[in-house]
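Listed here are the chains, written in short residue letters.
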Amino acid sequence: MKQNLIDDIKAQTISPQFHLIDGKAAPASDGGEIDVISPIDGKKITTMAAGTREDANSAVSAARRAFNSGVWSDMAPKDRKKIMLKWAELVEAEALKLAVLGVRDNGTEIGMALKAEPGSSAGTIRYYAESLDKLYGEIAPTAPNRLGLIHKEPVGVVGVIVPWNFPMMIGAWKLAPALAAGNTVVLKPAEVASLSLLRLSALALEAGMPPGVLNVVTGAGSVVGEAIALSMDVDVLVFTGSGGVGRRLLEYSARSNLKRVYLELGGKSPQVVFADTENLALAAKTAASAIFRNSGQVCIAASRLLVEASIHDDFISEVAKHAEALKVGDPLDLNNDIGAVTSAVQLKQNLEFVDGAKTQGCELVTGGHQLHKDTGGFYMEPTIFTHVSQTSDLCQKEVFGPVLAVSTFTSEDEAIHKANDTDFGLSSALWTSNLSRAHRVTRRLKAGVVHVNTYGGAEVSMPLGGVKQSGNGHDKSLHAFDKYLNLKSAWIAL
Ligand code: NAD
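All residue numbers here refer to positions counted from 1 along the written sequence of the relevant chain. Per-residue local features of the predicted model are confined to residues with pLDDT of at least 70, and side-chain atom pairs are confined, for both listing and counting, to 80 or more; whole-chain, interface and lining totals are unaffected and use all residues. Water and hydrogen atoms were dropped before computing side-chain values, which therefore reflect all heavy atoms in the structure.

Each helix and strand counted, the protein chain has 16 helices and 21 strands in total. Across its three principal axes, the protein chain shows a C-alpha extent of roughly 70 × 65 × 45 Å. Whether two residues touch is decided by their heavy atoms; if any such pair falls within 4.5 Å, the residues are in contact. Here the contacts in the protein chain between residues at least 6 apart in sequence split such that 74% fall between residues at least 24 apart. Under the convention used here, a 1.4 Å probe and the Shrake-Rupley method define accessible areas, while residue burial counts only the protein chains that appear. Working note: accessible area of the protein chain is about 19,900 Å², and carbon and sulfur atoms make up 54% of it. Under the DSSP-based scheme used, a helix requires at least four consecutive residues in state H or I and a strand at least two consecutive residues in state E, with every element numbered from the N terminus.

Here you go:
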């Protein structure tokens, strides 16, 4: 990757952005606009449509018309696949442009953004494109005078509501299987990170996806998101975001058409480090990167570190060394390791958690401050607290920022109890050189994902989903199709 190419793209002006409805760019029905502020310097980079309820409803109608017409759902699988493969190709061809656009909007460090955003979304689109003509129905074992066929059918119109931390990656985890299965979609990106998803969706049209199959409405969650979630014409709603909004979506479903709702919510993911770990140096380095990359704005960020008491002091000073060595600054400067916090609101919330932790008796090891205030952007030091009690906010609540909460244990049972003792259950990790312990603890951790002596595997072939209040259903892997297909049982008299 070359700095001068990044700088050239960064210098380009971004034209005002509109919804994508029925294959056309559309302004808000009342002409409303939202200023798009870059977290790099706090400056306005463009505007986008401030969607209304009417806009959301027109997008749902367009998706319904497209679905009912069969233009996509009845397309021969090989042709649908061809369009999706072309889409992946176009995303890859524009990867750097898409990555820089996304970074200007949400502040992720460019190295990570390039891999995790266009790179990952192109791979995800290709994976589901390749899978769509391998989805077979079934023949059930029934009495000899009956034939029992199990058909798999698209659900219809899918509402997709996503957050701002990795808009393209998380967007593609939902768009690709939903579309591959023959559904039509209305997408609502987060208000602070819509630009890259608008471009990603425009590329689907360029690849040949018929108008109305993929629609995008930008704007406030409480307006556009709520209208999609309350729509009587949306069959399935898939969401990644906070638990608070997830709860509302379940209510909206109950108040409307009982649409199925799949939630990927937050986490307070623990890493448990046993003293018998052979490569403690790797564990310490990984502990730092697992919380501080993308300024901690990662759903599976390992925000809790449970260290066996006998190695606590040496291990934490090693983790702190890695944290202090990370260069935080302009996410489009290749010399920096960590970029910006996505918004002023998120930064303020992170700093409030730091103040709260101090008053609740947690001990600050390093960090805790805003950085580069003079740039107008939103930057924060990698921050570590130790002696964090189980009942403190830092242990129980998701910060979604670069703040690590450390505590200790003296037995395997205590480690497992502490690791499981939150409302969340998204990700987790354990570090040990004892094979039996690795399997034993893996079974006992209440989380959708467990890592052993590593953190953060990225392959789309592995499912990602939470237990407890981290959500239900899975993104990624062939299991994701379950959300987007209905089973139909057909009894045939022979
Ligand atoms: P958020 O819940 O505030 O917003 C997510 C989306 O919901 C946005 O598009 C927002 O506009 C929309 N929304 C807000 N209010 C709404 C309403 N009343 N009705 C319908 N839609 C509404 O979350 P965020 O701040 O964008 O993202 C951070 C959260 O996402 C964190 O909790 C993080 O853990 C979670 N997250 C989870 C995963 C995962 O895979 N489990 C991945 C990434 C992020």
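What follows continues from the structure just given.
Given a helix with a known number of residues, its expected span is that number minus one, times 1.5 Å. For helix H9 (residues 243-255), with 13 residues, the first-to-last C-alpha span of 19 Å sits near the 18 Å given by 1.5 Å per residue. Buried residues of H9: Gly246, Leu249, Tyr252 and Ser253, and no others. Take H9 and look down its axis: the buried residues cluster within an arc of 115°, on one side only. Facing away from the buried side of H9, by more than 90 degrees, are the exposed residues Arg247, Ala254 and Arg255. Buried residues belonging to H9 abut strand E7 (157-161), helix H8 (221-230), strand E10 (236-240) and strand E11 (260-264). Think of it in three bands: residues with accessible area under 20% of the maximum for their type are buried, residues over 50% are exposed, and the middle band is partly exposed, with areas taken using a 1.4 Å probe on protein chains only. Arc, as used here, means the arc of the directions from the helix axis to the C-beta atoms.

Glancing now at the layout of surface pockets. Space inside and on the surface of the protein is sampled on a 1 Å grid over the protein atoms alone, with a cavity defined as a set of points where a 1.4 Å probe fits but cannot get out and a pocket as an open set with protein on both sides within 12 Å along at least 5 of 7 lines; lining residues have an atom within 4 Å of a point. Grid points are joined across faces, edges and corners, and a volume is the space filled by probe spheres set on the points. Counted as a void, the largest pocket has a volume near 1,200 Å³. What lines the largest pocket is a set of 45 residues, and nearest its centre among them are Arg293, Ile300, Gly456, Gly457 and Ala458. Within the residue set of the lining of the largest pocket, elements represented by two or more residues are helix H5 (110-131), helix H6 (167-180), helix H10 (280-292) and strand E20 (451-452). The greatest single-element share of the lining of the largest pocket, amounting to seven residues, is contributed by H5. Residues of the lining of the largest pocket, tallied by class, amount to 24 nonpolar, 14 polar and seven charged. Within this model, the second largest pocket holds a volume of roughly 1,100 Å³. Phe239, Gly241, Ser242, Gly243 and Val245 are the residues nearest the centre of the second largest pocket, which is lined by 46 residues in total. Put simply, the parts of the chain that give the lining of the second largest pocket at least two residues each are H8, E10, H9, E11 and helix H12 (344-359). Top contributing element to the lining of the second largest pocket by residue count: H9, with nine residues. Residues of the lining of the second largest pocket, tallied by class, amount to 19 nonpolar, 18 polar and nine charged. Classification convention: Asp, Glu, Lys, Arg as charged; Ala, Val, Leu, Ile, Met, Phe, Trp, Tyr, Cys, Pro as nonpolar; all other residues, Gly among them, as polar.

To continue, consider the state of the cysteines. By definition, a disulfide links the sulfur atoms of two cysteines through a covalent bond. For this text, the term disulfide refers to a pair of cysteine sulfurs within 2.5 Å. For the structure on display, the rule yields zero disulfides. Cysteine Cys362 shares no disulfide, and the gap to the nearest cysteine sulfur, in Cys395, comes to 8.9 Å. Accessibility expressed as a relative area gives 7% for Cys362, which makes it buried.

As a further point, take the domain arrangement of the protein chain. The domains assigned to the protein chain are domain 1 (2-265 + 471-491) and domain 2 (270-459). Domain start and stop points were drawn from an automatic or database domain assignment. On a C-alpha basis, the centroid separation for the pair domain 1 and domain 2 is 30 Å. Summing both partners gives a buried area of about 2,100 Å² for domain 1 against domain 2, and 60% of it is carried by carbon and sulfur. Salt-bridge detection follows one rule: a side-chain nitrogen of Lys or Arg within 4 Å of a carboxyl oxygen of Asp or Glu. The tally of links from domain 1 across to domain 2 stands at one salt bridge. The shortest N-O distance in the salt bridge between Asp330 and Lys10 comes to 3.1 Å. Here a polar contact is taken to be a pair of N or O atoms separated by no more than 3.5 Å, where protein atoms must pair a possible hydrogen donor with a possible acceptor and residues adjacent in sequence count only if both atoms sit in side chains. Our count for the domain 1 to domain 2 interface comes out at 16 residue pairs in polar contact (both at pLDDT 80 or more). Of all the elements in the fold, those that place two or more residues in the side of domain 1 that touches domain 2 are helix H1 (3-11), helix H4 (95-106) and H5. Counting residues per element, the side of domain 1 that touches domain 2 draws most heavily on H4, which supplies four residues. Its residues assigned to classes, the side of domain 1 that touches domain 2 shows eleven nonpolar, seven polar and six charged. Once two parts are joined, some of their accessible surface, as seen by a 1.4 Å probe, is lost; buried area is that loss totalled over both.

Turning to the side chain of Glu308, a few remarks are in order. With respect to the element layout, Glu308 can be found in strand E13 (residues 304-308). For the charge count, each Lys or Arg is scored as positive and each Asp or Glu as negative, with His and the chain ends excluded. No salt bridge is formed by the buried Glu308. Its closest oppositely charged neighbour is Arg437, at 4.8 Å. Among the polar contacts made by the side chain of Glu308, one reaches the main-chain amide nitrogen of Ala275 at a distance of 2.8 Å. Discounting residues that sit within four places of it in the chain, Glu308 has contacts with Val273, Phe274, Ala275 and Phe409.

The next point concerns empty space enclosed by the protein. Across all of its chains, the model carries five cavities of 30 Å³ or more by this definition. Empty space within the largest cavity amounts to approximately 70 Å³. Around the largest cavity, the lining comprises 15 residues; the ones closest to its centre are Pro270, Ala419, Phe424, Gly425 and Lys446. Residue classes in the lining of the largest cavity are distributed as six nonpolar, six polar and three charged.

What follows covers the sheet that holds strand E12 (residues 270-273). Being paired, for any two strands, means DSSP has found at least two bridges between them. With respect to topology, seven strands assemble into an open sheet ordered E14-E17-E18-E13-E12-E19-E20, the strand pairing being mixed. In this open sheet, the two edge strands, each paired with only one partner strand, are strand E14 (363-366) and E20. Sheet analysis places E12 next to E13, joined by four bridges and oriented parallel. Within the sheet, the bridge partner assigned to Gln271 lies in E13 and is Leu305. All axes are obtained by fitting lines to C-alpha atoms, using only the stretch in contact for helices, and the reported angles, taken between N-to-C directions, cover 0 to 180 degrees. Sheet contacts for helix H11 (residues 312-325): E12, E13, E14, strand E17 (383-386) and strand E18 (403-409); angle to E13, the most-contacted strand, approximately 145°. In the packing of H12 onto the sheet, the strands contacted are E14, E17 and E18, and the crossing angle to E17 comes to about 20°.

Right, let's get into the site of the ligand. If even one non-hydrogen atom of a residue comes within 4 Å of a molecule or strand, that residue is called near it. Looking at the ligand, there are 29 residues lining it, with Glu191, Ser242, Leu265, Cys299 and Glu398 nearest. Here a nitrogen atom of the ligand and a backbone polar atom of Leu265 are 2.5 Å apart. Here an oxygen atom of the ligand and a side-chain polar atom of Glu398 are 2.5 Å apart. Contact with the protein chains removes 91% of the 850 Å² of surface that the ligand exposes when unbound. Each molecule is checked against the cavity or pocket grid, and it sits inside if more than half of its atoms lie within 2 Å of the grid points. Placement of the ligand is best described as lying within the second largest pocket. Counting the residues that make up the shell around the ligand, at least three belong to each of domain 1 (2-265 + 471-491) and domain 2 (270-459).

Working definition: a ring pair exists when centres of Phe, Tyr or Trp rings (six-membered ring for Trp) sit within 6.5 Å. Plane angles under 30 degrees give stacked, over 60 give edge-to-face, the rest tilted. Tallying each qualifying case throughout the model produces four aromatic pairs. Taking 5.3 Å as the distance between ring centres and 85° as the angle between the ring planes, the aromatic pair formed by Tyr128 and Phe481 counts as edge-to-face. Of the two residues, Tyr128 is situated in helix H5 and Phe481 in helix H16 (residues 481-484); the sequence distance between them amounts to 353 residues. Judged by its relative accessible area of 0%, Tyr128 falls in the buried class. Pairing Trp164 with Phe400 gives two aromatic rings, centres 5.3 Å apart and planes at 70°, and the pair type is edge-to-face. Here Trp164 is found in the loop between E7 and H6, whereas its partner Phe400 is found in the loop between helix H13 (393-396) and E18, with 236 residues between them in sequence.

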